[in-house]
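Each chain, written out:
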Amino acid sequence: MALRLKPFRNEPHLDFSKPENVRKQRKAIEEVRKQLGQEYPNLIDGKEVYNREKLPSFNPAHPHEVIGVFQKATQRDAERALQAAWRAFEEWKRVPAEERAQYLLKAAQEMRRRRLELNAWMICEVGKNYAEADADTCEAIDFLEYYAREAIRYAQPQPVTPVPGERNEYFYIPLGAGVIIPPWNFPLAILTGMTSAAIAAGNTVVVKPSSESPMMGWLLADIFRSVGLPDGVLNLVIGSGSNIGDFLVAHPRTRFIAFTGSMEVGLHIHELAAKRQPGQLWIKRTILEMGGKDAIIVDSEADLDAAVQGVVVSAYGYQGQKCSACSRAIVDKAVYEEFLHRLKPAVHALRIGDPADNFDVGPVISERAKESILSYIAIGKKEAKLFLGGNPVGDLDGHYIEPTVFVNVPPRARIAQEEIFGPVLAVIKANSFVDALRIANGTIYGLTGSVYSRNPDKLRMAREEFHVGNLYFNRKCTGALVGGHPFGGFNMSGTDSKAGGPDYLLLFLQGKSVSEKLT
Ligand code: NAD
């Protein structure tokens, strides 16, 4: 019987201005805290695999607190996982799309049931506050619901032009076994999105989560296992990118790689995957979503209060650790001083502290990230004027850095060009709207951007000239929604794969044309 599905709708976010929701989330964190430090296996061909070498995951707000202990996969494990994925593919590719979609829908249901628990693990493992964690979980649910529907849509016969004397067909088949390499910053959403798209399309996968967020990798594998996904369709191997990541990317039997992460690693994967290995039968497909240096333009005709609010949320939400974060505010000289005047109290109002207590700004992901961000702050002090922040937060246990603002930043300064991935904003003065657009486009990236202006002609101009994959008007430049804002960037921001959009599943499929001569 045909599966009847309601049209896709985004999962509503929890409202944490309501005390009862805060109470429930806090309770879930307490429950999760009772389970800290437990050991979790890798999952290969449905079997739990333990190794001698371990990989612990730490809480960035309390760096000595162990979230969980994971198995450091070897290349042998990665090899076994890939072989298992190919074995499972022989069955999985024949499973009808509607049936595959059911697994995603059941996983979405399971995520809804475990939502506060998933949020709690995320809060503890990567330092998101309640709203950021809940938005991440909702996005993961959205991806499952959206790609389930997309799998069914792509399974329909595709239109072909009639040719006299022939019966012609065009349809899509999956690629094979591939590798999923997600980042830690949307540790459930992006992991779930890339994984579920691949398997909904009929592929099988080896998932290698970021070593900063292995717990989220385990939780996703556990959820798919709990809804009965056949063994070998999703294999989980936790380990270092440079070891098993490279091994899997270079492997001659890897058919595709879905990666989201930094430009450096993305380009490395692109190069490695492009090199044909002995015995390799195909050109590997790579789907690479990378970094950003996103800008918000504040025009002379902007609503300044709205612009300040949009800049602050986009720059410091999740400590600026989003590919879509606003790291440049490009402000027309006519409103520059007034913008700074209003920005100051808005940044000062941000409360810094433990995400488990739901502070606005929490820790950055690791000591290494903290050092890297502080080194950019040191560079910024030479290139521009430090306006606000600029220091580590000494009296807190975790990897905290104050929300930082540099002003009078030259557009070509390193802090205006390179992705810092932390709570650091560069404010740049523009001579005109055209100048602001030129500055905004003047980096190697092209992911998100926003324009605050009341002038429709300027917005029209930005629509054509602002070269980013996700452009927003009179709103923040973060928070893309599945379905509503297909997501992905231009230039060195990646392959513009448009996750959560109608073209995404196609990246995991190949078209087949069959033509029969009628006698
Ligand atoms: P990262 O590049 O350090 O790591 C991403 C993943 O690649 C991790 O799983 C890591 O273990 C793996 N990896 C590292 N070296 C590897 C190698 N040699 N071979 C194979 N795999 C390897 O990025 P990150 O710190 O996890 O995430 C932050 C970055 O991700 C930022 O640059 C951010 O802009 C970007 N990002 C982009 C998007 C997007 O949609 N464009 C979304 C989120 C994050």
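Scroll up to find the structure this text is about.
Residues numbered from 1 in each chain as written. Predicted model: local features only at pLDDT ≥ 70, side-chain atom pairs only at ≥ 80, totals over all residues. Heavy atoms only, no water.

Colleague: An account of the site of the ligand is requested, with residue identities and associated values reported.
Modeller: Lining the immediate environment of the ligand, one finds 28 residues, of which Pro182, Trp184, Ser262, Met290 and Glu419 sit closest. Measuring from an oxygen atom of the ligand, one finds a backbone N or O atom of Gly261 at 3.3 Å. Residue Ser262 places a side-chain N or O atom 2.6 Å away from an oxygen atom belonging to the ligand. In the complex, 88% of the free accessible area of the ligand, which totals 850 Å², lies under the protein chains. Elements represented by at least two residues in the shell around the ligand include exactly helix H8 (241–250), strand S10 (256–260) and helix H9 (263–274). Top contributing element to the shell around the ligand by residue count: H8, with four residues. For the shell around the ligand, the per-class residue count stands at 14 nonpolar, ten polar and four charged. Counting residues domain by domain, the shell around the ligand receives three or more from each of domain 1 (25–290 + 497–514) and domain 2 (294–481). (Near = heavy atom within 4 Å. Polar contact = N/O pair within 3.5 Å; in protein donor to acceptor, adjacent residues only side chain to side chain. Areas by Shrake-Rupley, 256 points an atom, 1.4 Å probe, with all protein chains shown as cover. Helix = DSSP H or I, 4+ residues; strand = E, 2+ residues; numbered from the N terminus. Nonpolar A, V, L, I, M, F, W, Y, C, P; charged D, E, K, R; others polar. Domains from an automatic or database assignment.)

Colleague: So what about the sheet that holds strand S17 (residues 448–452)? Which residues, and what values?
Modeller: The seven strands are arranged S14-S15-S16-S13-S12-S17-S18 in an open sheet whose pairing can be described as mixed. Across the chains shown, the open sheet's two edge strands, defined by having one partner strand only, are strand S14 (385–388) and strand S18 (470–473). Adjacent strand axes in the sheet meet at a mean angle of 25°, parallel and antiparallel pairs treated alike. Direction of pairing for strand S15 (residues 404–407) relative to strand S16 (residues 424–430): parallel, over a ladder of three bridges. Bridge pairing in S16 places Thr404 opposite Val424. The strands touched by helix H12 (residues 367–383) are S14, S15 and S16; relative to S15, the strand with the most contacts, the crossing angle is about 25°. Helix H13 (residues 433–440) contacts strand S12 (294–298), strand S13 (326–332), S16 and S17 of the sheet and is inclined by roughly 160° relative to S13. (Pairing = 2+ DSSP bridges. Axes fitted to C-alpha atoms, helices over the stretch in contact; angles between N-to-C directions. Contact = heavy atoms within 4.5 Å.)

Colleague: Outline a nonpolar patch on the surface, supporting the account with residue identities and numerical values.
Modeller: A cluster of nonpolar side chains, Leu267, Ile444 and Met492, forms an exposed patch at the surface whose accessible area comes to about 220 Å². With respect to the element layout, Ile444 can be found in the loop between H13 and S17. The partly exposed category is assigned to Ile444, whose relative accessible area is 43%. (Patch = residues over 30% accessible without salt bridge, like charges linked within 9 Å, V, L, I, M, F, W, Y side chains within 5 Å. Salt bridge = Lys/Arg side-chain N within 4 Å of Asp/Glu carboxyl O. Buried < 20%, exposed > 50% of the residue type's maximum accessible area, 1.4 Å probe, protein only.)

Colleague: A description of the sheet that holds strand S4 (residues 54–59) should follow, citing residues and the corresponding values.
Modeller: The strand order across the open sheet built from three strands is S1-S5-S4, with neighbouring strands paired in mixed fashion. Single-partner strands in this sheet number two, and they are strand S1 (38–39) and S4. Where S4 meets strand S5 (residues 62–71), six bridges bridge the pair, whose relative direction is antiparallel. Bridging from a neighbouring strand, Ser57 pairs with Gly68 of S5.

Colleague: Describe the pattern of salt bridges, with residues and values.
Modeller: Counted according to the given criterion, the structure contains 32 salt bridges. Across the salt bridge formed by Arg114 and Glu117, the nearest N and O atoms sit 2.9 Å from each other. Note that Glu301 and Lys458 form a salt bridge whose closest N and O atoms lie 2.6 Å from each other. With a gap of 157 residues between them, Glu301 in the loop between S12 and helix H10 (304–316) and Lys458 in helix H14 (residues 456–465) connect regions that are remote in the sequence. Its relative accessible area of 33% is what places Glu301 among the partly exposed residues. Here the residues in one salt-bridge network are Glu11, Arg112, Arg115, Asp134, Glu145 and Arg149, joined through shared partners.

Colleague: I'd love a proper account of empty space enclosed by the protein, names of residues and values included.
Modeller: Per the counting criterion, the structure on display carries two cavities of 30 Å³ or more. Lining the largest cavity are 15 residues; nearest its centre among them are Gly320, Lys322, Ala325, Ser327 and Phe421. Split into classes, the residues belonging to the lining of the largest cavity amount to seven nonpolar, four polar and four charged. Taken as a whole, the second largest cavity spans an internal volume of roughly 70 Å³. Around the second largest cavity, the lining is made up of 14 residues, and of these Arg328, Ala440, Tyr445, Gly446 and Val468 lie nearest the centre. (1 Å grid on protein atoms, 1.4 Å probe; cavity = no way out; pocket = protein on both sides within 12 Å on 5 of 7 lines; lining within 4 Å. Points joined across faces, edges and corners; volume = space filled by probe spheres on them.)

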